[in-house]
Amino acid sequence: MIRFALALLFFNSLSFSATISEKLFIVSDSIQAFDGSKFPYTTFNSSLVFEQSNPLLEVFQDDSLLLWVVNKDDVSHDFEIKGKIGAQTIAPNDSIYLPLKMEESGVFIYRDPSLNDQMVYLGLGGSIIVKDHNHPSFSWNIREHDSLWNVQIKNSGTVNWSNYNPKYFTINGVSNPLTNADAQARITGSIGDTIILYISNCGKSIHSIHFHGYHAVILSSSAHPFHQGREKDTFPIESQETLILRIVPDKSGEYPVHDHNLIAVSGNNIYPNGMFLTMLISP
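Residues numbered from 1 in each chain as written. Predicted model: local features only at pLDDT ≥ 70, side-chain atom pairs only at ≥ 80, totals over all residues. Heavy atoms only, no water.

This next bit is on the overall build of the protein. Each helix and strand counted, the protein has two helices and 21 strands in total. On C-alpha atoms alone, the protein measures out to a radius of gyration of 18 Å, which is about the 19 Å that the 2.2 N^0.38 rule sets for 283 residues. If you line up the protein on its principal axes, its C-alpha atoms span 50 × 45 × 35 Å. Within the protein, contacts between residues at least 6 apart in sequence are counted, and of these 66% link residues at least 24 apart. Surface exposure of the protein reaches about 12,400 Å², of which carbon and sulfur atoms provide 51%. Positive and negative side-chain charges in the protein, numbering 18 and 28 respectively, have mean positions lying 0 Å apart. (Helix = DSSP H or I, 4+ residues; strand = E, 2+ residues; numbered from the N terminus. Rg over C-alpha atoms; globule rule 2.2 N^0.38 Å. Contact = heavy atoms within 4.5 Å. Areas by Shrake-Rupley, 256 points an atom, 1.4 Å probe, with all protein chains shown as cover. Lys, Arg positive; Asp, Glu negative; His and termini not counted. Charge placed at Lys NZ, Arg CZ, Asp CG, Glu CD.)

Below, the structure is given as structure tokens:
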């Protein structure tokens with residue numbers, strides 16, 4: 001992330017805005033699952049080097065985001081920011097430039113919605129976080145994968161979503177045990193901290209995030225705005241929707257956080273691999 005402004009000073013409020021320049025490259029390769037298997041995958045990348053997690057774009061409210069999206073794939077792709085800008089088509093080896101004023105705080109999915117969301121399923125979906133606070137925060141991009149579907153879509157085939165049977169489940173492109181090694185995903189802090197978790201569901205299935213040890217408060221739900229303020233320990237999130245949670249730990253310890261649909265805590269029917277990590281809180 002490049003900031004063309006004076007360093008921001010944060011106390012209890014954010015007083016200054018900055019200009020952020022970001023570039024996303026659309027690159028195709030293969031995702032590698034925890035068991036070593038590989039299947040076709042296409043993602044947005046921060047460089048021409050393929051990575052199986054889409055970059056997290058993070059700005060503050062009222063920042064200006066100067067965004068270039070470059071298509072290095074051999075087919076055309078669309079690009080949109082759900083709820084902010086509509087889809088624009090990018091031909092192979094072409095690019096688009098999007099100057100954006102980020103006036104609304106929250107979490108927004110950037111994605112390729114083409115072919116009835118088949119491209120976002122194939123990997124082309126990430127998150128933009130627009131902060132209005134300076135609390136510690138973490139971000140999850142959750143999704144599931146059926147390796148046979150990836151092959152069919154990549155080969156321009158059609159799939160019958162009514163027969164969808166995913167075998168692999170990821171947070172930020174990886175499964176347990178690698179999830180705990182992801183500093184962006186693993187929630188850490190101390191008793192009394194205010195911790196914010198941003199979740200984007202870029203998969204095709206509904207997932208249900210369950211916390212052991214702590215409750216959380218819904219700050220925002222894109223699918224259910226009236227759920228704001230609810231406090232509980234389990235949070236369903238629909239496909240292509242977002243959720244923002246606030247956690248204030250009242251005790252120290254290490255507690256699991258996982259998808260309550262237990263098949264999503266496995267990988268290729270092997271447990272425990274999938275949407276699982278632990279929350280680590282210090283005294």
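Here the narrative resumes, following the displayed structure.
With eight of nine residues buried, strand E11 (residues 137-145) lies mostly within the body of the structure. Two strands pair when backbone bridges link them, and E11 and strand E14 (residues 195-201) are joined in this way by six bridges, in the parallel orientation. Counterpart to Ile 142 in the pairing with E14 is Asn 201. The pairing of E11 with strand E12 (residues 168-171) spans four bridges and is classified as antiparallel. Within the sheet, the bridge partner assigned to Ile 142 lies in E12 and is Ile 171. (Buried < 20%, exposed > 50% of the residue type's maximum accessible area, 1.4 Å probe, protein only. Pairing = 2+ DSSP bridges.)

So, on to the environment of Ile 196. Mapped onto the elements, Ile 196 comes out in strand E14. By relative accessible area, which is 3% here, Ile 196 ends up buried.

This brings us to the side chain of Asp 259. Within the fold, Asp 259 resides in strand E20 (residues 253-259). For the buried Asp 259, no salt bridge is present, and the opposite-charge side chain at shortest range is Arg 143, 13 Å distant. Within the local environment of Asp 259, its side chain forms a polar contact with the side chain of His 207, the two groups lying 2.6 Å apart. At 3.3 Å, the side chain of Asp 259 forms a polar contact with the backbone nitrogen of Ser 208. (Salt bridge = Lys/Arg side-chain N within 4 Å of Asp/Glu carboxyl O. Polar contact = N/O pair within 3.5 Å; in protein donor to acceptor, adjacent residues only side chain to side chain.)

From the geometry alone we can't say anything about function, so treat these as descriptive.
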